[in-house]
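# A structural walkthrough
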Number of protein chains: 2
Amino acid sequence: MSDSGSVPVFNFADRLAAAIKAKNNPSVAGLDPRIEYVPAHLIEKARKASISGDKRKWQAEAVLSFNKGLIDALYDIVPAVKLQIAFYELLGCEGMEVFRETAIYASQKQMLVIADAKRGDIGSTAEAYAQAFLSPGGPFEADALTVNPYFGCDGIKPFIDACAKNGKGIFILVKTSNKSSIEFQDIETSDRSSGRTRPLYELVAEKVREWGNSQGLAGSCGYNSIGAVVGATYPAQAVALREVMPRAFILVPGYGAQGGTAADAACSFGSGGAGAIVNASRSIMCACMTQGWKDKFGGDMVKAGLRYADAAREEALRMKEDLNSALISR
Amino acid sequence: MSDSGSVPVFNFADRLAAAIKAKNNPSVAGLDPRIEYVPAHLIEKARKASISGDKRKWQAEAVLSFNKGLIDALYDIVPAVKLQIAFYELLGCEGMEVFRETAIYASQKQMLVIADAKRGDIGSTAEAYAQAFLSPGGPFEADALTVNPYFGCDGIKPFIDACAKNGKGIFILVKTSNKSSIEFQDIETSDRSSGRTRPLYELVAEKVREWGNSQGLAGSCGYNSIGAVVGATYPAQAVALREVMPRAFILVPGYGAQGGTAADAACSFGSGGAGAIVNASRSIMCACMTQGWKDKFGGDMVKAGLRYADAAREEALRMKEDLNSALISR
């Protein structure tokens with residue numbers, strides 16, 4: 001709610017751009033909670049409080065507490081969270097409930113929520129996914145969803161329609177951060193009519209640009225709601241892709257634990273250091289496990305873990321400075 | 001359990017081949033239960049029995065009854081079910097519980113279960129998916145999982161490892177049944193060193209063949225547990241792909257409602273009419289909604305729906321004959 005009584009912003013790209021600007025922080029905290037990331041005291045508390053003794057249930061409870069603690073520590077400095085659904089599915093139906101509750105909790109704290117589920121299927125199935133993730137009141141409603149392009153446009157259209165109708169966004173996989181993304185994504189494709197060759201990821205990027213020009217998606221921030229995933233681990237490709245998709249919001253994984261630097265991540269930004277958001281998961285979630293943090297507590301991992309939220313905040317602030325410095329020095 | 005006291009078959013390809021042979025039926029029933037497919041009497045019953053009145057809960061209950069009715073009607077004639085997870089997610093956590101219970105119920109009735117979730121991500125995330133879907137005791141354990149290849153081999157390896165370790169299978173998207181699969185999957189790729197060009201789906205198929213040769217995956221049936229998805233809607237491509245992947249079990253969507261014929265589907269089979277399994281979802285689930293079935297009940301849709309399981313069985317038997325005729329006449 002705005003104090004000035006103005007209408008809430010509808011367009012996803014505009015909402016994301018505004019949140020980044022307000023916090024002066026183009027980063028997203030990945031909440032990909034493996035159970036081994038959860039500090040001992042939260043595990044212990046959930047286990048003891050468990051009535052049923054059902055392991056999956058108390059593990060889910062522990063993860064939810066962990067997530068809420070992270071959100072509480074980050075919401076005033078980080079504009080968005082990204083939930084990797086695999087780690088919630090791994091905890092079964094209870095885990096999916098944690099996914100849902102985490103998304104709601106983050107929204108209440110004014111963070112944007114990206115569901116990292118990499119969905120993709122034929123049109124009728126994609127429609128069901130769009131209903132579940134990108135519709136008001138959908139069971140796993142988020143602000144945006146990551147999407148796999150392999151099915152082509154009829155598998156993407158239901159997501160695009162949902163974005164336009166509901167003020168949501170998608171990030172389509174273009175060039176992923178992993179090593180073997182070269183295997184198919186970098187394959188040289190040839191256009192018989194023009195004789196031109198280019199890598200597959202560039203072709204996908206052209207489609208992302210085309211899809212982003214569909215009606216009802218352009219934000220007044222200069223970007224639109226059909227975004228792309230481009231890994232920080234491929235800076236040269238990111239520079240080229242930024243040119244192919246000048247209006248696409250880019251979600252940048254691969255910073256930190258996967259090896260991408262702030263300078264690498266900066267390659268996905270547009271003019272004025274806008275139009276992209278960089279994800280970090282492990283480095284924030286597991287900040288209390290670093291040697292530096294543990295040293296503050298005489299190497300005591302349990303004591304260090306009690307302050308996991310402070311450690312996460314410290315790392316998020318460090319990342320923010322790191323990214324902003326890289327963006328200024330471009 | 002075998003009467004002869006022999007060791008249960010471990011390899012997924014062998015289990016699937018044996019089940020197809022035992023029922024003389026190379027088809028899989030897709031359980032993709034949109035709520036509008038569920039007959040009125042089941043909806044009404046679940047709604048009335050609902051204590052909480054929570055719509056998502058009684059809808060989930062109705063879907064579970066529907067699925068169990070279908071499984072009861074089919075298990076002695078159809079070797080496998082394929083659960084499209086999108087339609088379960090759409091019903092929220094309750095829907096995911098229905099997914100789980102349906103998978104367990106089908107297994108108890110000796111049907112193989114294919115989780116149609118088209119998962120794909122970087123290695124560490126793919127590992128979590130493999131744990132959830134392809135590990136004994138995993139929350140959404142199935143016999144096989146559909147997988148998206150866009151991330152390349154490091155995103156596929158955790159699934160391959162789980163298949164070898166746990167006697168499970170995967171079906172990798174090679175050439176999907178939808179119209180716009182041509183957009184990226186058919187793109188001509190060029191090999192700089194050899195100068196050879198070929199469509200992307202063929203390149204993916206070569207990788208599927210390579211991955212299928214990994215240790216611990218070969219079945220004694222002549223096929224291995226790293227399968228492929230090839231749509232019945234592209235018979236010419238299916239012929240070529242069968243040659244590229246002579247040992248891959250092929251899952252064939254697109255028969256029936258999507259327009260593929262039995263002769264089209266037959267193109268994905270290997271010698272002796274083995275090595276493939278054809279999916280039908282809507283035509284079986286919604287068999288009681290056809291004009292022919294409704295006519296038996298004077299056009300009364302509610303009465304026709306009361307016998308939905310019989311209609312499904314009739315259609316499954318028709319499909320079996322249709323496929324077997326097409327395989328014989330090749």
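Because the structure is predicted, anything quoted here is derived from the model rather than measured. Numbering of residues begins from 1 in every chain and follows the order in which that chain's sequence is written. Written order decides the labels, with chains lettered from A and ligands numbered from 1. Local features in this predicted model are restricted to residues of pLDDT 70 or higher, and side-chain atom pairs are both shown and tallied only at a pLDDT of 80 or more, whereas totals for entire chains, interfaces and linings draw on every residue. Heavy atoms throughout the structure, all of them, feed into the side-chain values; hydrogens and water do not.

### Re the sheet that holds strand β4 (residues 144-147) of chain A
Residues and elements named next belong to chain A. The pairing criterion for strands is at least two bridges between them, as found by DSSP. A run of DSSP states H or I qualifies as a helix once it reaches four residues; a run of E qualifies as a strand once it reaches two. Both are numbered from the N-terminal end. If you walk around this closed barrel you meet the eight strands as β1-β2-β3-β4-β5-β8-β9-β10, and the pairing is parallel. The mean inter-strand angle of the sheet, taken between neighbouring strand axes irrespective of direction, is 30°. The pairing of strand β1 (residues 27-31) with strand β2 (residues 80-84) spans four bridges and is parallel. When the sheet's bridge partners are listed, Leu 31 is paired in β2 with Leu 83. The strands touched by helix α7 (residues 153-166) are β3 (112-119), β4, β5 (169-175) and β8 (224-230); relative to β5, the strand with the most contacts, the crossing angle is about 140°. Orientation is described by lines fitted to C-alpha atoms, with helices fitted over the stretch in contact, and by angles between N-to-C directions that extend from 0 to 180 degrees. In what follows, a contact means two residues having at least one pair of non-hydrogen atoms within 4.5 Å.

### Considerations on helix α1 (residues 12-23) of chain A
Residue and element names in this part refer to chain A. In a helix, the anticipated span is given by 1.5 Å times the number of residues less one. Over its twelve residues, α1 runs 17 Å from end to end, which matches the ideal 16 Å to within 8%, given 1.5 Å per residue. The set of residues buried in α1 consists of Phe 12, Ala 13, Asp 14, Arg 15, Leu 16, Ala 19, Ile 20 and Lys 23. The N-cap of α1, judged by a side-chain oxygen 2.9 Å from the amide nitrogen of Ala 13 a few residues on, is Asn 11. Following α1 by one or two positions, Asn 24 adopts a phi angle in the positive range, close to 50°. Each residue gets one of three labels from its accessible area relative to the maximum for its type: buried under 20%, exposed over 50%, partly exposed in between, using a 1.4 Å probe on protein chains only. Two N or O atoms form a polar contact when they lie within 3.5 Å of each other; inside protein one atom must be a possible hydrogen donor and the other a possible acceptor, and for residues adjacent in sequence the pair counts only when both atoms belong to side chains.

### So, the pairing of strand β10 (residues 276-280) of chain A
Residues and elements named next belong to chain A. With five of five residues buried, β10 is to be regarded as a mostly interior element. In β10, alternate side chains face the same way, and those of Ala 276, Val 278 and Ala 280 on one face and Ile 277 and Asn 279 on the other are all buried. Sheet topology places β1 next to β10; three bridges connect them, and they run parallel. Following the sheet pairing, Val 28 is matched in β10 by Asn 279.

### Topic: helix α5 (residues 92-108) of chain A
Residue and element names in this part refer to chain A. The end-to-end C-alpha distance of α5, which contains 17 residues, comes to 25 Å, matching closely the 24 Å that a straight helix rising 1.5 Å per residue would cover. Buried within α5 are the following residues: Gly 92, Cys 93, Gly 95, Met 96, Val 98, Phe 99, Thr 102, Ala 103, Tyr 105 and Ala 106. Of the residues flanking the end of α5, it is Gln 110, one or two places downstream, whose phi is positive at about 65°.

### Some thoughts on the packing of helix α2 (residues 40-49) of chain B against helix α3 (residues 55-74) of chain B
Residue and element names in this part refer to chain B. At their nearest, the axes of α2 and α3 sit 8 Å apart, and the two run at 135° to each other. Taken together, the axes of α2 and α3 are oblique relative to one another. By crossing handedness, the relation of α2 to α3 is classed as right-handed. Side by side, α2 and α3 meet where Leu 42, Ile 43, Ala 46 and Arg 47 of the first sit next to Trp 58, Glu 61, Ala 62, Ser 65 and Phe 66 of the second. Among the residues making up the contact of α2 with α3, the classes are represented as six nonpolar, one polar and two charged. Every angle not falling under 35 degrees, over 145, or within 65 to 115 is termed oblique; those three ranges are roughly parallel, roughly antiparallel and roughly perpendicular. Whether a crossing is left-handed or right-handed is set by the direction in which the near helix is turned from the far one by less than a right angle, anticlockwise for left-handed and clockwise for right-handed. Each residue gets one of three labels, nonpolar for Ala, Val, Leu, Ile, Met, Phe, Trp, Tyr, Cys and Pro, charged for Asp, Glu, Lys and Arg, and polar for the others, Gly among them.

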